[in-house]
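Each chain, written out:
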Amino acid sequence: MDAYFVHESSYIDEDVKIGEGTKIWHFCHIQKGARIGKNCSFGQNVNVSNNVRIGNGVKIQNNVSVYEGVELEDYVFCGPSCVFTNDLTPRAKFPKGSAGYHKTIVKEGASIGANATIVCGHTVGRWAMVAAGAVVTRDVPDYALVAGVPAKKIAWVCQCGERLGEVLLCSKCKRKYAIENNQLCLIGGESIGE
């Protein structure tokens, strides 16, 4: 018996590794060479292309394609119909293949909102949050909340997802942060207070 679940309407190619506790729901396709961690959840109509790496605890909502050249680290959230790309200058008549792909990394704990687009060749930082409908055209710093077209930082967010105020103390979980070299850093690594 497999240690993961794949709905009967989904298709898994050869040479795919899927971690224990992962659930792959209706009409998904996991392509050759993909590596998927433990306890992930893939909603309806998710495509994972050749050789993609996906960490543990990742949640991918309906209608998302994770193309070759994209890597999702642990606990990444991909909202419904968010879009990844892997070629900056695609042409149907002049295909480049994987040699022309630009790598995209979504770091641990980052969230991508519904219908957001991540243009290839960029990194979405740890615990960052990309607003619904945003278009990411440059790297997103750790803990940044970005929104708009093109996406710009509008605030900092806590690991728990709460928007931070000027004090940089999360009102929800009590994690405390500081800004060092224009980057938000967690102080002490754990929540304080309650």
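Residues numbered from 1 in each chain as written. Predicted model: local features only at pLDDT ≥ 70, side-chain atom pairs only at ≥ 80, totals over all residues. Heavy atoms only, no water.

**Quick look at the overall build of the chain**
Okay, so step 1: Within the chain, the secondary structure is distributed over 0 helices and 24 strands.
Okay, so step 2: Computed over C-alpha atoms, the radius of gyration of the chain comes to 17 Å, within 12% of the 16 Å expected from 2.2 N^0.38 for 194 residues, which places it in the range of a compact globule.
Okay, so step 3: Over its C-alpha atoms, taken along the principal directions, the chain stretches across nearly 50 × 45 × 25 Å.
Okay, so step 4: Counting the 194 residues in the chain, one finds 39% classified as buried. (Helix = DSSP H or I, 4+ residues; strand = E, 2+ residues; numbered from the N terminus. Rg over C-alpha atoms; globule rule 2.2 N^0.38 Å. Buried < 20%, exposed > 50% of the residue type's maximum accessible area, 1.4 Å probe, protein only.)

**Concerning the sheet that holds strand E9 (residues 53-54)**
Okay, so step 1: Overall, parallel pairing links the 6 strands, which are arranged E3-E6-E9-E12-E15-E18 in an open sheet. Strands at the two margins of the open sheet, each flanked by one partner only, are strand E3 (17-18) and strand E18 (123-124).
Okay, so step 2: Looking at chain direction, E9 and strand E12 (residues 70-72) are connected through 2 bridges and run parallel. In the strand pairing of E12, Ile54 is matched with Leu72. (Pairing = 2+ DSSP bridges.)

**Some points on the side chain of Ser49**
Okay, so step 1: By the element assignment, Ser49 lies in the loop between strand E8 (47-48) and E9.
Okay, so step 2: When its relative accessible area of 8% is taken as the criterion, Ser49 is described as buried.
Okay, so step 3: Here Ser49 is in contact with Gln31, Ala34, Val66, Tyr67 and Glu68, once residues within four sequence places are set aside. (Contact = heavy atoms within 4.5 Å.)

**Things to note about the packing of aromatic side chains**
Okay, so step 1: Evaluation of the coordinates by the stated rule reveals 2 aromatic pairs.
Okay, so step 2: Ring geometry for Phe5 and Trp25: centres 4.8 Å apart, planes at 50 degrees, overall tilted. Placement of Phe5 in strand E1 (residues 5-6) and of Trp25 in the loop between strand E4 (23-24) and strand E5 (29-30) is noted, with a sequence separation of 20 residues between them.
Okay, so step 3: Among the residues examined, Trp25 registers a relative accessible area of 32% and is labelled partly exposed. (Phe/Tyr/Trp six-rings, centres within 6.5 Å; stacked < 30°, edge-to-face > 60°.)

**A look at the sheet that holds strand E21 (residues 144-147)**
Okay, so step 1: Strand order in the open sheet formed by 9 strands is E1-E4-E7-E10-E13-E16-E19-E21-E22, and the pairing between neighbours is mixed. Each of the sheet's edge strands pairs with one partner strand only, and the pair in question is E1 and strand E22 (152-156).
Okay, so step 2: Two strands pair when backbone bridges link them, and strand E16 (residues 111-112) and strand E19 (residues 129-130) are joined in this way by 2 bridges, in the parallel orientation. By the bridge assignment, Ile112 is partnered in E19 with Val130.

**Observations concerning the pattern of salt bridges**
Okay, so step 1: Enumeration over the complete set of coordinates arrives at 5 salt bridges.
Okay, so step 2: For Glu71, the salt bridge identified is with Lys103, shortest N-O distance 3.3 Å. Pair noted here: Glu71 is in strand E12 and Lys103 is in the loop between strand E14 (83-84) and strand E15 (104-106), with a separation of 32 residues, a long-range link.
Okay, so step 3: The class for Glu71 is partly exposed, based on a relative accessible area of 24%.
Okay, so step 4: Here Lys103 falls in the partly exposed class, since its relative accessible area comes to 48%. (Salt bridge = Lys/Arg side-chain N within 4 Å of Asp/Glu carboxyl O.)

**As for the side chain of Thr104**
Okay, so step 1: Of note, Thr104 is situated in strand E15.
Okay, so step 2: Polar contacts involving the side chain of Thr104 include one to the main-chain amide nitrogen of Gly121, which spans 3.2 Å.
Okay, so step 3: Discounting residues that sit within four places of it in the chain, Thr104 has contacts with Gly69, Val70, Glu71, Thr85, Ile118, Val119, Cys120, Gly121 and His122. (Polar contact = N/O pair within 3.5 Å; in protein donor to acceptor, adjacent residues only side chain to side chain.)

**With respect to the environment of Asn62**
Okay, so step 1: Along the chain, Asn62 falls in the loop between strand E10 (59-60) and strand E11 (65-66).
Okay, so step 2: Among the residues examined, Asn62 registers a relative accessible area of 34% and is labelled partly exposed.
Okay, so step 3: C-alpha separation for the pair Asn62 and Asn45, spaced 17 residues apart in sequence, amounts to 5.8 Å.
Okay, so step 4: For Asn62, the contacting residues outside a window of four places in its chain are Gly43, Gln44, Pro80 and Ser81.

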